[in-house]
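Spelled out, the chains give:
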Amino acid sequence: MESPARLELLTLRGHEGSVSAIALTRDGRRAVSVCSDATLRVWDLDRGAEIHTLTAHSRSVTAVALTPDGRAVSGSEDRTLRVWDLETGNEIHTLKGHGASVTALVVTPDGRLAASGSWDQTVRVWDLASGEVLRTLTGHTGMISALALAPDGRRAVSGSYDSTLKVWDLETGAELRTLAGHNGMISTIAVTPDGTRIVSGSWDDTLKVWDLDTGSELQTLAGHEGAITALALTPDGRRAVSGSEDCSVRVWDLGSGEQIHAMVGHKAPISALVVTADGRRAISGSFDLTLALWDLITGAELQVVTGHTGAIEALTVTENGTRLVSGSADQTLRVWDLAALLSRYSDGRPEGEVPVDRTGLADVNHYWGAASRPEGGSVSGTAQEESARGSKPDA
């Protein structure tokens, strides 16, 4: 088995808290990470060097997205969003308006607009050129927990602690649809690449498939025995890969709703998922401190990758598919040679190879999820914000 030391290209140190989200530039040469230490850091992935530390936020940074022209947008528990110039490290705008922590953030493909969700139960649409709020989208009765964009960038889908999803027209601010059917907080949302379907995961242990245009529920994907904590789609939009508190990774056919594989190996909840560009492999991160490479055709666990000493909290892959970047509660980012990992298993796991024993590996101190949900699953306002904040310990 390839040793983790050979697969690990870089360890990036500097953060002083949990690294919760990572965004990559399109050329894959720079990463932007956000952290509970209230900073963003910009990294050169070729040299393994920190380029900038961005320090204007006053509380944990919770979300980040990049524009095509080299800006970063960050959201924070300090109730603000900030727009940054990645080349200079200078702050361009501070976006104020939310009345509570920012929990989710998306940027349109043209880099013109950002949409943010908050514990204040609203979604706000921002003009990134001026820094002005264009629209405040109201209607949810619980905190916003997830956001996704349709590929055309004109519609956004929000998920909430109120157990519903809403589809919004970002240009007009109109609420187009309310999607009701889940019985727990919406934890994750994805839109298929062709823009026809929404896939949602919930603390009710299920995923659902919806028609984006009509709002009709098409499928309920049932099989997990714990809250859904991670979701990724294959590039052709035909399959979903989900991770859960039940420690499993599952593969679903979005057309039939059938479970294709239940993939077991992790010893703690799944925290992050990515799918490779060819749609044949997935990589999961877990609170058991490990990454796992899965074969989506056979359902086999091909390799366990170790190195982090804290829970894996973020995963992303460069557009050219050669490098995987992970962020962890151990305060580091690690860059992995994904091309080498995939080439080793181009024909599946070699006969007789035994995966790593994960016995005893778990970072339960950094896990927060459905196990810590408020009694009854839903509260509102300040009580809801404090409950959620209290359930996610600082690093």
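Q: In this structure, what is going on with the sheet that holds strand 2 (residues 19-24)? I would like to understand it.
A: One key point about sheets: their strands pair by backbone hydrogen bonds, in either a parallel or an antiparallel sense. Taken in spatial order, the four strands line up as 2-3-4-5 in an open sheet, and their pairing is antiparallel. Where the open sheet ends on each side, the last strands, each with one partner, are strand 2 and strand 5 (49-54). Along the sheet, successive strands turn relative to each other by an average axial angle of 25°, direction set aside. Two strands pair when backbone bridges link them, and strand 2 and strand 3 (residues 30-35) are joined in this way by five bridges, in the antiparallel orientation. Looking at strand 3, one finds that Ala23 is bridged to Val32.

Q: Looking at this structure, how should I read the nonpolar core?
A: It is characteristic of soluble globular proteins that their nonpolar side chains tend to be buried jointly. In terms of nonpolar packing, the biggest core is built from 15 residues, with Ile283, Leu291, Leu315, Leu324 and Leu341 touching the most fellow members. Looking at this core, the elements with two or more residues in it are strand 26 (270-275), strand 28 (291-295), strand 29 (301-305), strand 30 (312-317) and helix 2 (338-344).

Q: How do you make sense of the sheet that holds strand 21 (residues 217-221) when you look at a structure like this?
A: In space, the four strands of this open sheet follow the order 18-19-20-21, with antiparallel pairing throughout. Lying at the two open borders of the sheet, with one neighbouring strand each, are strand 18 (186-191) and strand 21. Within this sheet the neighbouring strands show an average axis-to-axis angle of 20°, counted without direction. Here strand 18 pairs with strand 19 (residues 197-202) via five bridges, running antiparallel. Within the sheet, the bridge partner assigned to Ile186 lies in strand 19 and is Ser202.

Q: Hey, could you run me through unusual backbone geometry in this one?
A: What is expected of a backbone is that most residues other than glycine have negative phi and most peptide bonds are trans. Despite not being glycine, Ser163 shows a phi value in the positive range, around 80°. Within the secondary structure, Ser163 is located in the loop between strand 15 (155-160) and strand 16 (164-169). Judged by its relative accessible area of 15%, Ser163 falls in the buried class. The backbone phi angle of Asp205 is positive, close to 80°, even though this residue is not glycine. Mapping Asp205 onto the fold places it in the loop between strand 19 and strand 20 (207-211). The exposure class assigned to Asp205 is partly exposed, which follows from its relative accessible area of 24%.

Conventions adopted
- Residues numbered from 1 in each chain as written.
- Predicted model: local features only at pLDDT ≥ 70, side-chain atom pairs only at ≥ 80, totals over all residues.
- Heavy atoms only, no water.
- Pairing = 2+ DSSP bridges.
- Helix = DSSP H or I, 4+ residues; strand = E, 2+ residues; numbered from the N terminus.
- Axes fitted to C-alpha atoms, helices over the stretch in contact; angles between N-to-C directions.
- Core = buried A, V, L, I, M, F, W, Y, C linked by side-chain atoms within 4.5 Å.
- Buried < 20%, exposed > 50% of the residue type's maximum accessible area, 1.4 Å probe, protein only.

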